[in-house]
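# Notes for the structure review
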Amino acid sequence: GLYVPFLVGTFAAVLAVRHFLQAPTDVWSLEDAERRPYEVAYAAGGLARAIEAATAALVRKNILEISEDGATLKAIGRPPADAHPLERLLCERVEL
């Protein structure tokens, strides 16, 4: 299906917002993790981890849906106006 093209497209798009996901210079606190979850995810496992975290958040918010076989994503809603740039990019890559 569309899973591989989606990941490739998302990877390319996320590179454009990479400056939002810079590695931390200090030790992360729980407050930082709550305020900046994608930056923490990036610091913990790079771009792939940040994409996973954003995808999981969008699924939890009922904006994206994962197919039963786990191979594709489907948009079932739109991100709010104040969504993180990474969430907006992911949503742009998935069609309604």
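Note that the coordinates shown come from a computational prediction; the quantities given were computed from them, not determined experimentally.

### Observations concerning the overall build of the protein
Across its full length, the protein holds 4 helices and 2 strands. For the protein, buried positions account for 33% of its 96 residues. Looking at the protein alone, contacts between residues at least 24 apart form 46% of all its contacts between residues at least 6 apart. Of the accessible surface of the protein, which amounts to about 6,200 Å², a share of 55% is contributed by carbon and sulfur atoms.

### Overview of helix α3 (residues 37-60)
With 24 residues, α3 extends just 14 Å between its outermost C-alpha atoms, more than 12% less than the 34 Å of an ideal straight helix rising 1.5 Å per residue. By the largest-angle criterion, Gly45 marks the main kink of α3, which is about 140°. Taken together, the buried positions of α3 are Tyr38, Glu39, Ala41, Tyr42, Leu47, Ala50, Ile51, Ala54, Thr55, Ala57 and Leu58. Downstream of α3 by a residue or two, Asn62 has a phi angle that is positive, lying close to 60°.

### A few points about the environment of Arg93
Here Arg93 lies in the segment after α4 (85-92). Sequence separation of Arg93 and Gly9 is 84 residues, and the distance between their C-alpha atoms is 7.1 Å.

### Focus on the pattern of salt bridges
With the rule as written, the count across this model stands at 2 salt bridges. The closest approach of N and O atoms between Arg49 and Glu52, which form a salt bridge, is 3.6 Å. In this pair, Arg49 and Glu52 both sit in helix α3, 3 residues apart, roughly one turn of the helix. The partly exposed category is assigned to Arg49, whose relative accessible area is 41%. Here Glu87 makes a salt bridge to Lys61, at a shortest N to O gap of 3.0 Å.

### Here we look at unusual backbone geometry
Residues other than glycine seldom take positive phi values, yet Asn62 does so here, at roughly 60°. Examined against the element boundaries, Asn62 turns out to sit in the loop between α3 and β1 (64-66). Residue Asn62 is classed as exposed on the basis of its relative accessible area, which comes to 55%.

### Side note on α4
Taken across its 8 residues, α4 has 6 buried, putting it largely inside the fold. Of the residues making up α4, those classed as buried are Pro85, Leu86, Glu87, Leu89, Leu90 and Cys91.

### Some points on the side chain of Thr55
Positionally, Thr55 belongs in helix α3. Of the residues examined, Thr55 reaches a relative accessible area of 13% and is grouped as buried.

Cut-off values and rules
- Residues numbered from 1 in each chain as written.
- Predicted model: local features only at pLDDT ≥ 70, side-chain atom pairs only at ≥ 80, totals over all residues.
- Heavy atoms only, no water.
- Helix = DSSP H or I, 4+ residues; strand = E, 2+ residues; numbered from the N terminus.
- Buried < 20%, exposed > 50% of the residue type's maximum accessible area, 1.4 Å probe, protein only.
- Contact = heavy atoms within 4.5 Å.
- Areas by Shrake-Rupley, 256 points an atom, 1.4 Å probe, with all protein chains shown as cover.
- Expected span 1.5 Å × (residues − 1).
- Bend = angle between axes of the 7 residues up to and from the residue.
- Salt bridge = Lys/Arg side-chain N within 4 Å of Asp/Glu carboxyl O.

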